[in-house]
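These are the residues of each chain, in order.
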Amino acid sequence: MKLIFLGPPGAGKGTLAVKVVELLNIQQISTGAIFRSAVSAGSPLGLKVKAIMDSGKLVDDETTIELVKERLAQDDVQKGYILDGFPRTIPQAEALAKFSTVEKVINFDIPDSLVLQRLGGRRVCRKCGYNFHVIFNKPAEEGVCDHCGGEIYIRDDDRQEAIQKRLEVYRAQTAPLVNYYREKKLLLDIDASPLVDEVLVIFKKALGV
Ligand code: AP5
């Protein structure tokens, strides 16, 4: 199954994607995670995108589209994928339609108050990228990832100013994709407010899986 997860920053797209990957045996492709690995590695791509990401703005369409196009040409995604964080602009969606056929777009419906609570308390493993939360999903040992033993840190774009900027950018550049995909009859709205196990139940019911 070929899916897009669409929704504001902190809606829980990445967290649900980890569960859906297991359920449907498909690959998660997170553009944010790919950019973060490039930053950690200090690669030319990482050097190019670090300041943009830290400020909460979007990386340019050309760079992002090329990255996803290359990823979607690989063998392991031919039977299915979750695009987590892509597309984020109308030009990205138009480009995607030329190189892959998406079956459903899952729209994470969530109020801003919960987004702020989720982003404000998010902690991430530096090594494997697993998402924790200071209230909703604490690691067994503070500061240490349950899955790989890596160090847990706060993402640079989870600072208050960057969160506000990301929400503004979402409203201006990404929210128009909701109507874009609704008109194409691909959109499925899900209530992303409950805890993740319940969101998974809602997702399964909406998709019929
Ligand atoms: P990206 O990494 O994609 O960030 P985002 O869309 O802002 O999404 P987040 O990762 O912040 O949130 P999420 O919805 O995945 O929530 P999560 O599951 O972590 O992008 C980062 C940057 O990269 C962008 O700002 C941009 O610069 C660049 N970029 C990426 N893609 C791009 C593109 N296509 N074009 C241009 N630039 C691009 O959950 C958040 C927290 O809540 C966690 O702590 C989690 O434990 C907790 N939580 C999750 N679900 C629940 C739940 N149901 N109940 C309680 N807590 C929950």
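Residues numbered from 1 in each chain as written. Predicted model: local features only at pLDDT ≥ 70, side-chain atom pairs only at ≥ 80, totals over all residues. Heavy atoms only, no water.

Novice: I tried to follow the pattern of salt bridges on my own but got confused; where do I start?
Specialist: Applying the stated criterion across every chain, the model contains 13 salt bridges. A salt bridge links Asp112 to Arg171, with the nearest nitrogen and oxygen atoms 2.4 Å apart. A residue pair is termed long-range when its members are at least 10 positions apart, and Asp112 in helix H6 (residues 112-120) and Arg171 in helix H7 (residues 160-174) qualify at 59 residues. By relative accessible area, Asp112 is classed as partly exposed at 37%. The salt bridge involving Glu161 is made with Arg159; its shortest N-O contact spans 2.6 Å. Of the residues examined, Glu161 reaches a relative accessible area of 54% and is grouped as exposed. A relative accessible area of 37% places Arg159 in the partly exposed class. Each of Arg122, Arg155, Asp157, Asp158 and Arg166 takes part in a single network of salt bridges with overlapping partners. (Salt bridge = Lys/Arg side-chain N within 4 Å of Asp/Glu carboxyl O. Helix = DSSP H or I, 4+ residues; strand = E, 2+ residues; numbered from the N terminus. Buried < 20%, exposed > 50% of the residue type's maximum accessible area, 1.4 Å probe, protein only.)

Novice: Which parts of the structure should I look at to understand the pairing of strand S5 (residues 122-125)?
Specialist: Two faces make up the sheet, and in a regular strand the side chains alternate between them. With three bridges joining them, S5 and strand S6 (residues 131-133) adopt antiparallel strand pairing. Counted as the bridge partner of Val124 is Asn131 from S6. Where S5 folds back onto S6 in an antiparallel hairpin, the turn is made up of five residues, including Gly129, whose phi is positive at roughly 80°. When S5 meets strand S7 (residues 152-153), the two strands line up antiparallel, connected through two bridges. From the neighbouring strand, Val124 faces S7, where its bridge partner is Tyr153. (Pairing = 2+ DSSP bridges.)

Novice: Even after reading the chapter, I still don't get the packing of aromatic side chains, so can you show me in this structure?
Specialist: Where two aromatic rings form a pair, the distance of their centres and the angle of their planes describe that pair. By the definition in use, this model includes four aromatic pairs. Judged by centre distance (4.9 Å) and plane angle (90°), the ring pair of Tyr180 and Tyr181 falls under edge-to-face. Through pairs of rings, three or more aromatic residues link up here, namely Phe5, Phe108 and Phe203. Against the face of Tyr153 rests Arg126, its NZ or CZ located 4.2 Å from the ring centre. (Phe/Tyr/Trp six-rings, centres within 6.5 Å; stacked < 30°, edge-to-face > 60°. Lys NZ or Arg CZ within 6 Å of the ring centre and 35° of its normal.)

Novice: Is there a simple way to explain the packing of helix H2 (residues 31-41) against helix H4 (residues 61-72) in this structure?
Specialist: To characterise two packed helices, one gives the angle between the axes of the helices and the distance between these axes. One way to put it is that H2 packs onto H4 with a least axis distance of 11 Å and a crossing angle of 100°. Here H2 is positioned roughly perpendicular relative to H4, judged by the angle of their axes. Taking contact as the criterion, the partners of Thr31, Ile34 and Phe35 in H2 are, on H4, Thr64, Leu67 and Val68. The residue inventory of the contact of H2 with H4, partitioned by class, reads four nonpolar, two polar and no charged. (Axes fitted to C-alpha atoms, helices over the stretch in contact; angles between N-to-C directions. Parallel < 35°, antiparallel > 145°, perpendicular 65-115°, else oblique. Contact = heavy atoms within 4.5 Å. Nonpolar A, V, L, I, M, F, W, Y, C, P; charged D, E, K, R; others polar.)

Novice: Help me understand the nonpolar core in this model?
Specialist: Grouped burial of nonpolar side chains is what soluble globular proteins tend to show. Phe5, Leu16, Ile106, Phe108 and Phe203 are the most contacted members of the largest nonpolar core, which has 23 residues in total. For this core, the secondary structure elements donating two or more residues are strand S1 (2-6), helix H1 (13-24), strand S4 (104-109), H6, H7, strand S8 (187-191) and helix H9 (196-207). At four residues, H9 tops the list of elements feeding residues into this core. In this structure, Leu16 is in contact with Phe5, Phe108, Ile190, Val196, Val199, Leu200 and Phe203, ignoring residues within four places of it in sequence. Formed by 22 residues, the second largest nonpolar core is a distinct cluster that contains Ala95, Tyr170, Leu177 and Tyr181. (Core = buried A, V, L, I, M, F, W, Y, C linked by side-chain atoms within 4.5 Å.)

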